[in-house]
Each structure stands twice: as structure tokens, then as C-alpha cells.
Amino acid sequence: MSVDASTRLIDRLARRSASYADSPWAAIDPHLSAHPDLIYFGSGAPAAELYPMARFAWAAGEVWERLDPRELDYGELAGYPPLRELIVKRMVGLGIDAGDEVMITSGSQQGIDFVAKLFLDPGDVVVVEAPTYIGALQALDGYEPDYWSVPMDDEGIDVREIRRRIATTGRVPKLAYVIPTYQNPTGRTMSLDRRTALIDLCAEHGIAILEDDPYGEMWYREPPPVAMRGLSADVIYLGTFSKTMAPGVRVGWMVAPAAIYDRLLLAKEATDINAARPMMREMYLSADGFIDGHVAEARPFYRRRRDALLRALREHMPPGTTWIEPDGGFFVWVTLPVGLTAMDLLPIAARHGAGFLPGCLFYPPADAVDDSLRLSFSSLTEERIEIGIERLGRAIAEALGERVS
Ligand code: PMP
């Protein structure tokens, strides 16, 4: 195709395609090659050392050995029944009685897309935590919502602020998307009282709640408060094997209220007909009788990495830098000394050999502030964490020096 013809094609795209024009990573990637041995705190992936390779290999062998050709037909729209049962059983431990309304998804990311697809017309209001998960914004953006970015405090999203905005604007959001437990990116956990307050507010106004819970099992002190889906059967809940087993296999799940469950199934059918049937069997065989022990071993492993990061921050951060100590999950949210922005710091830090995700990426663009950054400790060794944070400390000191002079 000629250059002219392809330019014309770009002009013919739907309005929603504008939300796919720029990758959130485009602003970061060029800096990451600035140092030959850059220590990158940006990845939200688990530690590769913990991927259960041997278990997956065994399960894959078993599955293909036993598979009936009919199991390679289309089918199992809700998912492979034994895998759904395993998920339902494990969710009891999180305080969730899922009943039969569980659907296997291609990661929780797909669940966000389906819920957005079902609920959002252009211009509908979606409540998100400020800041929130980049990938959720990517999924929601395509449905052209208006965002209400609602600040958080130590107990989570400010429910009174949502109430105030409803009162002052006369608008009622369609959807509230929240990550109540070990939030991405702040590491914060919503208190039980706040969970209840949000559920009450949403029930009062008919707002759908989407609870995204990829990190709930990764607690390092004591288990978190009960999932919001455990407090109200009206909550739509997303779970995933991405953090407990491996993200690349793309197996997650959604628990939905009965009233919308059938529509979600048909949204799944419309998108990809069904999840990969051999993969669901491989995940079932791998996880059954294994995953609880695996998670129990992963907790102290990640706790040590979190502790190494917090120790290094105490030692190396210049005065005026603050951070939130998470009780679980993969992230520490660091707020910079007044006047520094994370985007300005990024090239300086990269030159010193440390990379991170600037805070401004975690907001809808209209609401973005850039006084903070996200550090992930999941995929770096304690030694690399220590070296990387020392480099980051030097970079912040240099940036502060530049600002003063
Ligand atoms: N939600 C949140 C809050 C996440 O942090 C992530 C992974 N970074 C996802 C969803 C996507 O997870 P999955 O691999 O299950 O699609």
C-alpha cells in the first residue's frame, strides 16, 4: 500500500481508535537504554524464578496425552468445569461465595474490557482511584468514558468525595473500578469500613462496582480484609493466575452477579468464542494440589524483596522523599520532594542506572499529577534492589541540586 493510501486509512478509523494512538510506554522506553546495566523497577510481573516451569511441563504432557479430539472443538464458554470448581473452592478462602457465576477470562484484563463493553456508552462516568492501574485505563479508554479520579487516603478511595460530586454535578457514575487490596500502583489497602461505605453508596445510586483483585493472596503480614465481593453479591470480581502462577499463560476469571452473567458469557463468545481449552486443562492440573503451597512459599520470598526495598529507601532517599509501606502486593509508591516531577527525574535516574514508572501514567491524562513514581520489587533480587535504590537516591539528589542552582 502506498504511503498516501495508508494515511487515508488512518483518517477512516473510528473515534475510539484515538485511545490506541499512543503507547503509555513510549515516554519511558527511550530512556531505558541510557545505561548498560539499568535496574528497572517498572515491571509488574512476578519473579520469573517462581514460575512453576516443571509443573506446567508435566501438566501439558498429561493434558495432551489424555485429550479427546472432541475437547479441541469450540466449547466451554464459561470455562473448563474442574478449573471453575477449583477457583470457586479457593475463593471461599477470600470470603467469596461465587456460586455458579464464574467465567474464565484471558486474564483479568479481559474482564475489565467486558465490563466496560457492557456498561459504558460514550460520556458515561467511571469512578477510578487516583492513581489507578494503567491497563485499566487502556481498557476503559476505548469506551470513551468521563473519568472521575477520586483521591485516596490511608483507608482507600474517598467515598465522601464521590457523594459530593454526585450532589454537585447531578451526574451518577455507571461504574466504579477499584483495586481494594494492595492497589496498583500505591500498594494501599482499602479498610473494611471503606469497603462497606463504597458498597452502600453504589447500592444507593445503582453504580456497578468492579473489584480487581490480582494481589489479594500476596499478603506479607496478615490476610487482608474480606474481598468486596464477599460483602456484596452485587460486586463484579476479577481474579487471575497471573501473579500466583504466571502472567503469560493468560488465565483469569470473573465472578458476576446473576443478572449480568449471561450477557458476559455472550460478550466472551463475541470476542474470542471461548478460552483456550488445552490451556484451561493445563492450568487446572498445574494448580490443583499445588497452588496453595506455591503461594505460601511465594509470600516470604516477596516479603524479603519488599523489606529490602523499604530498607534501601530508608537508607538512600534524600530528605523530603516519602513512601507508602505496603502490606502485600508488588509495589511501593514513592512521592518526590516538592517541586520534582517523576518525568523530569526519569532521564537522570536512567543515566544513573535506575528505571521506574512515572506517577503521571497512572491517571487519566486530564487528571494527571507527576509528583510520585511506582517501584516494583517483585522481579528484582535483594542485591539489585539495594544497588538500584542507591542509584535512584543519587539521581534525586542530583535533580534537587539542579533545581536549587
Ligand atoms: N489489574 C491489575 C490491578 C494489575 O496490576 C494487572 C497486572 N499488572 C492486571 C489487572 C492484569 O492482569 P492479567 O494478567 O490477569 O490480565
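These notes cover the structure that comes with them. (Residues numbered from 1 in each chain as written. Predicted model: local features only at pLDDT ≥ 70, side-chain atom pairs only at ≥ 80, totals over all residues.)

Further remarks concern the overall build of the protein chain. Check the secondary structure of the protein chain and you find 13 helices and 14 strands. Computed over the C-alpha atoms, the radius of gyration of the protein chain is 22 Å, within 12% of the 22 Å expected from 2.2 N^0.38 for a compact globule of 405 residues. Per-residue burial for the protein chain yields a buried fraction of 44% across its 405 residues. Here the analysis covers contacts within the protein chain between residues at least 6 apart in sequence; of these, 77% occur between residues at least 24 apart. (Helix = DSSP H or I, 4+ residues; strand = E, 2+ residues; numbered from the N terminus. Rg over C-alpha atoms; globule rule 2.2 N^0.38 Å. Buried ≥ 20, exposed ≤ 12 C-beta atoms within 10 Å, placed from the backbone. Contact = placed C-beta atoms within 7 Å.)

As a general feature of sheets, a regular strand has side chains that alternate between the two faces. Counting buried positions along strand β3 (residues 125-130) gives 5 out of 6 residues, so the element sits mostly inside the fold. Across 6 bridges, the pairing between β3 and strand β4 (residues 146-153) is parallel. Bridging across to β4, V125 finds its partner in D146. Tracing the backbone out of β3, into helix α5 (residues 134-141) and back to the parallel element β4 gives a crossover that is right-handed. (Pairing = 2+ DSSP bridges. Right-handed = clockwise from strand over helix to strand, strands pointing away.)

This part is about unusual backbone geometry. Cis peptide bonds are those with omega within 30 degrees of zero, and the linkage from A130 to P131 qualifies with 0°. Take P131: it is sitting in the loop between β3 and α5. A cis amide bond links N184 with the next residue in sequence, P185, at an omega value of 20°. The residue P185 is located in the loop between β6 (175-178) and α7 (192-205) in this model.

Okay, the pairing of strand β7 (residues 208-212) next. By the criterion of burial, β7 is predominantly enclosed, with 5 of the 5 residues buried. A two-sided burial pattern is seen for β7, the buried positions comprising A208, L210 and D212 on one face and I209 and E211 on the other. In terms of strand pairing, β6 meets β7 through 4 bridges, oriented parallel. Bridge assignment links V178 to a residue of β7, and that residue is E211. This β-α-β element, β6 to α7 to β7, shows right-handed connectivity. Here β7 runs beside strand β8 (residues 236-240); their pairing, made up of 3 bridges, is parallel. Note that in β8 the partner of E211 across the bridge is Y237.

Next up on the list: the sheet that holds β6. What the 8 strands build is an open sheet, ordered β2-β9-β8-β7-β6-β3-β4-β5; its pairing is mixed. The outermost strands of the open sheet, each flanked by one partner alone, are β2 (102-105) and β5 (156-157). Pairing analysis gives 4 bridges linking β8 to strand β9 (residues 252-255), with the strands arranged antiparallel. Across the sheet, the residue bridging to T240 is G252, located in β9.

Below, the discussion takes up the packing of helix α3 (residues 81-92) against helix α10 (residues 277-287). Following both chains from N to C, one finds α3 and α10 inclined at 45°, their axes separated by 8 Å at the closest point. Considering their axes alone, α3 and α10 lie oblique with respect to each other. As α3 packs across α10, the resulting crossing turns out to be left-handed. Every residue of α10 that contacts α3 at P82, L83 and L86 is listed here: M280, M283, Y284 and A287. A per-class count over the contact of α3 with α10 returns 7 nonpolar, no polar and no charged. (Axes fitted to C-alpha atoms, helices over the stretch in contact; angles between N-to-C directions. Parallel < 35°, antiparallel > 145°, perpendicular 65-115°, else oblique. Left-handed = near helix turned anticlockwise from the far one by under 90°. Nonpolar A, V, L, I, M, F, W, Y, C, P; charged D, E, K, R; others polar.)

Lining the immediate environment of the ligand, one finds 14 residues, of which G107, S108, Q109, T240 and S242 sit closest. Top contributing element to the shell around the ligand by residue count: helix α4 (residues 107-119), with 3 residues. For the shell around the ligand, the residue count by class is 4 nonpolar, 9 polar and 1 charged. (Near = placed C-beta within 6 Å.)

Interpretation note: all reported values are geometric properties and have no functional meaning in isolation.
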